[in-house]
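So the chains spell out like this:
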Amino acid sequence: MRKKKRFCPYCGKKLIDIKHSGKIRLYCPACKEILYENPLPAVVAFVTNEVDSKILLVKRSEEPAKGKWCLPGGFVEADENLEDATLRELYEETGIKGKIGEFVGISSQMSDFYGKMIILYGFKIEEAEGEPKAGDDASQVGWFSTKNYPDLAFASHKELFKKFKEMLLE
């Protein structure tokens, strides 16, 4: 779990808690600024095997949820859009390249590890190319049936996976 910020990132003075808009927020009395802590955007990719309609999952090699299965994905960087982040994360974790397809949905969850809310966007990947191999923060990759797959590490992944399965039925 991340530690609470104690010092202003601009002037280095000690932060205090104040009530603002009905919430407790960090405040720098020297700068007279509220330190807003916004949600972290993240993305996941839904890659299916056209031959037997299985979905690609990765086993995490890092905390949070080390050793558990999840959808390939990660955080959006400041200089990229959601689609580019999805393709980058997919390639970093699995070695798979593809094109952005249909938008699956959006989910969110609080993260004790990162100390903020994470907003998760999911995209289906079209024209996936390459042989999947574990990379970046994945220790393993695997194809799983959408009816028989391991418990997913994160509530937001579970919610988006449910939406994805509903899309397949349409």
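Located above this text is the structure these notes cover.
Quantities reported herein were computed from a predicted structural model and do not represent experimental measurements.

Chemist: Sorry if this is basic, but what is going on with the packing of aromatic side chains here?
Modeler: If you walk through the whole model with that rule in mind, you get five aromatic pairs. Judged by centre distance (4.6 Å) and plane angle (20°), the ring pair of Phe46 and Phe164 falls under stacked. With Phe46 in strand 4 (residues 40-46) and Phe164 in helix 2 (residues 155-169), this pair connects stretches of sequence that are 118 residues apart. Owing to a relative accessible area of 0%, Phe164 belongs among the buried residues under this scheme. Arranged with centres 6.5 Å apart and planes meeting at 50°, the rings of Phe161 and Phe164 form a pair that is tilted. In this pair, Phe161 and Phe164 are both assigned in helix 2, three residues apart and thus about one turn of the helix distant.

Chemist: How should the pattern of salt bridges be read in this particular structure?
Modeler: Think of it this way: side chains of opposite charge can pair up when their charged atoms draw near. Counted according to the given criterion, the structure contains nine salt bridges. Across the pair Lys99 and Glu127 runs a salt bridge, and its minimum N-O distance is 3.4 Å. Pair noted here: Lys99 is in strand 9 (residues 97-111) and Glu127 is in strand 10 (residues 116-129), with a separation of 28 residues, a long-range link. Residue Lys124 is joined to Glu126 by a salt bridge in which the shortest nitrogen-to-oxygen separation is 3.8 Å. On the basis of relative accessible area, Lys124 is assigned to the buried category, the value being 14%. Residues participating in the shared-partner salt-bridge network are Glu77, Glu80, Arg88, Glu89 and Glu92.

Chemist: When you look at the sheet that holds strand 2 (residues 23-28) in this model, what are you seeing that I'm missing?
Modeler: Pairing between sheet strands relies on hydrogen bonds along the backbone, with the strands arranged either parallel or antiparallel. With antiparallel pairing, three strands are arranged side by side in an open sheet as 1-2-3. The outermost strands of the open sheet, each flanked by one partner alone, are strand 1 (16-20) and strand 3 (33-35). The average undirected angle you get between the axes of adjacent strands in this sheet is 55°. With five bridges connecting them, strand 1 and strand 2 associate as antiparallel partners. In the strand pairing of strand 2, Ile16 is matched with Tyr27.

Chemist: I'm lost on the nonpolar core in this one. Help?
Modeler: The tendency in soluble globular proteins is for nonpolar side chains to be buried as a group. Grouped together as the largest cluster of nonpolar side chains are 16 residues, with contacts concentrated most on Val44, Phe46, Ile55, Leu57, Leu71 and Phe161. Among the elements of the structure, strand 4, strand 6 (54-60), strand 10 and helix 2 are those that each provide at least two residues to this core. By residue number, the principal contributor to this core is helix 2, which donates four residues. Leaving out residues up to four positions away in the same chain, Phe161 has contacts with Phe46, Ile55, Leu71, Thr146, Tyr149 and Leu152. In terms of nonpolar packing, the next biggest core, distinct from the first, is built from six residues, Ala45, Val47, Leu90 and Ile96 among them.

Chemist: Looking at this structure, how should I read the environment of Gly101?
Modeler: Secondary-structure assignment places Gly101 in strand 9. Overall, Gly101 belongs to the partly exposed group, its relative accessible area being 23%. Through-space distance from the C-alpha of Gly101 to that of Trp69 is 23 Å; in sequence the pair is 32 residues apart. Each residue touching Gly101, except ones within four places of it in the same chain, is listed here: Phe123, Lys124, Ile125 and Glu126.

Chemist: Quick question: what am I supposed to make of unusual backbone geometry here?
Modeler: With the exception of glycine, most residues fall at negative phi, and the peptide bonds are largely trans. Residue Glu63 is joined to Pro64 through a cis peptide bond whose omega torsion reads 0°. Within the secondary structure, Pro64 is located in the loop between strand 6 and strand 7 (69-70). Notably, Ser21 is not glycine yet its phi reads approximately 55°, a positive angle. Within the element layout of this structure, Ser21 appears in the loop between strand 1 and strand 2. We classify Ser21 as exposed; its relative accessible area is 60%.

Parameters at a glance
Residues numbered from 1 in each chain as written. Predicted model: local features only at pLDDT ≥ 70, side-chain atom pairs only at ≥ 80, totals over all residues. Heavy atoms only, no water. Phe/Tyr/Trp six-rings, centres within 6.5 Å; stacked < 30°, edge-to-face > 60°. Helix = DSSP H or I, 4+ residues; strand = E, 2+ residues; numbered from the N terminus. Buried < 20%, exposed > 50% of the residue type's maximum accessible area, 1.4 Å probe, protein only. Salt bridge = Lys/Arg side-chain N within 4 Å of Asp/Glu carboxyl O. Pairing = 2+ DSSP bridges. Axes fitted to C-alpha atoms, helices over the stretch in contact; angles between N-to-C directions. Core = buried A, V, L, I, M, F, W, Y, C linked by side-chain atoms within 4.5 Å. Contact = heavy atoms within 4.5 Å.

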